[in-house]
Amino acid sequence: MHLRDESWGWTSEATRVNGVELMPVYKRPYRSGKIVWSYVINAPGSTRENRQQITGSGFATKHEAQDAEAKRRTEELQKQELAKLGRSVVGPLPRTLSMLMDEFFRQHVDEKLAPKTVERYHEQAAYLGPELLNMQIGEIAPLHLSREWNRLLACGGHHRRTREPRPLSPKTVRNVAGIISSAFARAIKWGLVTTNPVTASEPPVPKKHRGMALTPAQQKLVCDTASGPWCLAAFLEMCAGTGARRGEVLALRWSDIHDDRVLITRSLTQTKEVLEFKCTKTEDSTRPVSLAGSTLAALEAHRRRQDEFRQKFGPDYRTDLDLIFANPDGTPLKPDSVSATVSALCRRLKLPKGASLHTMRHSHGSQLIAAGVDLATVSERLGHSNVRVTAEIYAHAIRGRDDEAARKWDEFRRQNLPENHAEGVQ
């Protein structure tokens, strides 16, 4: 597992030169007193057993040799990349659904999507049965796909321990359908097919679950009884006080706090192989979130304790990451481990079934709406793409204020009607 920070522009693999081992230039003196500089690089793709070298000589100065070596190295890398492209261009076009999925992942998913999304896509596509995957893409009809959705709903998954078949949830099956639909949309762009059969199939429609919200007392209980990572209590206070996403809070740096506000610019994401910082869901935008006094107080106490760890670890502490919530040595916490710890805590406290770390975020939004904060402000604070998303998620909270809205309308009307008319509306 390696750590990569896209916002800072560094990566642990940034010093690699693909396929080429960089070798120093050297000089050769002649009896006449003349000095000639040369260079040697290993050809792309060469191995220790079959090493092929590229040389250049006759340079008057070391600087000339270095410039020539860099230019030649770049040319060889470009030749190698062009050769790869040439092989891929003349390769066979996808004919079966399996070939289309491979091409779709190679050309689009693996190259353009976030690592966590890529991992999820691969996991969900693996549920597809071999009979459907081996079909010619031009012969796949909506009925074939509907049959596959029914199979997945009946026995598409398996139990981890026994490996016995088990049903997949409607939500998972619909996600699988979405991936195939995206692949067929690409196939249309590539001129491989003319229609997308997924659009006329019948994937299941998952039931909409009302988001769970904790009361302020329940939130306080979770924070006060937190155990596990040393900073979990302060982390939960931050989640409850900002409504930020898990990865956004775990990626926060002390330098992100200005004038009692925190600037959310990135997120920490985890896959089986990668732990990295990336842009937030709103991509390149910076989202300022004002901090309440209680949250600032919790952060101040947390910082004093973190300073003790800094002194204990000395030069081994990762001051370069500047993380607010981190392991004792300053390295990033693993998001999945944090979520698992909070879920176990909620079960131990016997909170409503399904309570989790994400419940803190949903509770923040629900409580703001209940307090009368306008929808646009809530949407901006939570980092939703638009107000409509917020309205859909918190529709139950908005409907719950309908009685209050009717009372306020009646009160406003009574205050603004003439006295004789007001008597008639008693």
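Asks: Looking at this structure, I do not really get the packing of helix H7 (residues 216-224) against helix H12 (residues 357-370). What am I missing?
Replies: To characterise two packed helices, one gives the angle between the axes of the helices and the distance between these axes. Where H7 contacts H12, the two axes come as close as 11 Å, and the packing angle between them is 150 degrees. Regarding the angle of H7 to H12, the classification is roughly antiparallel. The two elements H7 and H12 cross, and the hand of that crossing is left-handed. Along the contact surface, H7 presents Pro216, Gln219, Val222 and Cys223, while H12 presents Met360, Ser363, His364 and Gln367. Class assignment for the residues of the contact of H7 with H12 results in four nonpolar, four polar and no charged.

Asks: Got a minute to help me understand the pattern of salt bridges in this structure?
Replies: Evaluated as defined, the whole model comprises 15 salt bridges. Note that aspartate 336 is salt-bridged to arginine 246, the shortest N-O span being 3.3 Å. With aspartate 336 in helix H11 (residues 335-348) and arginine 246 in helix H9 (residues 246-250), the pair connects residues that are 90 residues apart, well separated along the chain. Residue aspartate 336 is classed as partly exposed on the basis of its relative accessible area, which comes to 31%. For arginine 246, a relative accessible area of 27% gives the class partly exposed. Overlapping salt bridges, with partners in common, bring together Lys116, Glu119, Arg246 and Asp336 in one network.

Asks: Honestly, helix H13 (residues 375-382) in this entry has me stumped. Any pointers?
Replies: Side chains of residues three or four places apart in an α-helix project in the same direction, reflecting 3.6 residues per turn. Those residues of H13 that sit buried are Val378, Ser379, Arg381 and Leu382. Buried residues of H13, seen end-on, are gathered within an arc of 165 degrees and therefore sit on one face of the element. Buried positions along H13 lie against helix H8 (232-242), strand E12 (287-290), H12 and helix H14 (387-393). Backbone geometry just after H13 places glycine 383 at a positive phi near 80 degrees.

Asks: It is not clear to me how the sheet that holds strand E5 (residues 53-59) should be interpreted in this structure. Could you clarify?
Replies: Strands pair in a sheet through their backbones, by hydrogen bonds, and they do so in one of two ways: parallel or antiparallel. Taken in spatial order, the three strands of this open sheet run E3-E4-E5, and their pairing is antiparallel. Two strands close off the open sheet at either side, each with one partner strand: strand E3 (26-29) and E5. Taken pair by pair, the neighbouring strands of this sheet meet at an average axis angle of 25 degrees, ignoring direction. Relative to E5, strand E4 (residues 35-42) is paired through five bridges, and the arrangement is antiparallel. Looking at the pairing, asparagine 42 lines up with glutamine 53 of E5.

Asks: When you look at the confidence of the model for the chain in this model, what are you seeing that I'm missing?
Replies: Any residue range with low pLDDT should be treated as having predicted coordinates unsuitable for detailed reading. On average, the chain scores 85 in pLDDT, and the residues at 70 or more come to 84%. Within the model, pLDDT remains below 50 along residues 1-22, and this stretch shows 53 contacts once partners closer than five positions in the same chain are excluded.

Asks: Help me out: how do you make sense of the packing of H7 against H8 in this one?
Replies: Axis separation between H7 and H8 bottoms out at 8 Å; the angle between their running directions is 155 degrees. Of the possible angle classes, the one that applies to H7 and H8 is roughly antiparallel. Together, Gln219, Val222 and Cys223 of H7 and Ala233, Leu236, Glu237 and Ala240 of H8 make up the contact between the two elements. Partitioned by chemical class, the residues of the contact of H7 with H8 number five nonpolar, one polar and one charged.

Asks: Just to check I follow, could you spell out the sheet that holds strand E9 (residues 261-264) for this structure?
Replies: Here we have three strands laid out as an open sheet, ordered E8-E9-E12, and antiparallel in their pairing. Sheet topology places strand E8 (257-258) and E12 at the edges, where each strand pairs with a single neighbour. Note: E8 against E9, two bridges, orientation antiparallel. Following the sheet pairing, histidine 258 is matched in E9 by arginine 261.

Asks: It is not clear to me how the pairing of E9 should be interpreted in this structure. Could you clarify?
Replies: Look at any regular strand and the pattern is simple: side chains alternate between the two faces of the sheet. Of the two faces of E9, only the one carrying Val262 and Ile264 is buried; Arg261 and Leu263 on the other face are not. In sequence, E8 turns back onto E9 through a hairpin of two residues, with aspartate 259 there showing a positive phi of about 50 degrees. Note: E9 against E12, four bridges, orientation antiparallel. In the sheet register, valine 262 faces E12, and the bridge partner there is valine 289.

Asks: Is there a simple way to explain helix H5 (residues 142-155) in this structure?
Replies: Along its 14 residues, H5 runs 20 Å from first to last C-alpha, staying within 8% of the 20 Å computed at 1.5 Å per residue. Within H5, the full set of buried residues consists of Leu145, Ser146, Glu148, Trp149 and Leu152. Relative to the axis of H5, the buried residues are bounded by an arc of 160 degrees and lie together on one face. Of the exposed residues in H5, the ones pointing more than 90 degrees away from its buried face are Arg147 and Asn150. Next to the buried residues of H5 lie helix H4 (130-133) and helix H6 (170-189).

Asks: Help me understand empty space enclosed by the protein in this model?
Replies: Vacant regions in the atomic arrangement are exposed by a probe of water-molecule size rolled over the atoms. Scanning the model with the defined rule gives one cavity of 30 Å³ or more in all. Around the largest cavity sit Cys239, Ala244, Arg245, Arg246, Leu357, His358, Met360 and Arg361, which together line it. It is H12 that provides the largest number of residues to the lining of the largest cavity, a total of four residues. A class-by-class count of the residues in the lining of the largest cavity yields four nonpolar, one polar and three charged.

Rules used in this analysis
- Residues numbered from 1 in each chain as written.
- Predicted model: local features only at pLDDT ≥ 70, side-chain atom pairs only at ≥ 80, totals over all residues.
- Heavy atoms only, no water.
- Axes fitted to C-alpha atoms, helices over the stretch in contact; angles between N-to-C directions.
- Helix = DSSP H or I, 4+ residues; strand = E, 2+ residues; numbered from the N terminus.
- Parallel < 35°, antiparallel > 145°, perpendicular 65-115°, else oblique.
- Left-handed = near helix turned anticlockwise from the far one by under 90°.
- Contact = heavy atoms within 4.5 Å.
- Nonpolar A, V, L, I, M, F, W, Y, C, P; charged D, E, K, R; others polar.
- Salt bridge = Lys/Arg side-chain N within 4 Å of Asp/Glu carboxyl O.
- Buried < 20%, exposed > 50% of the residue type's maximum accessible area, 1.4 Å probe, protein only.
- Arc of directions from axis to C-beta.
- Pairing = 2+ DSSP bridges.
- pLDDT = per-residue confidence, 0-100.
- Expected span 1.5 Å × (residues − 1).
- 1 Å grid on protein atoms, 1.4 Å probe; cavity = no way out; pocket = protein on both sides within 12 Å on 5 of 7 lines; lining within 4 Å.
- Points joined across faces, edges and corners; volume = space filled by probe spheres on them.

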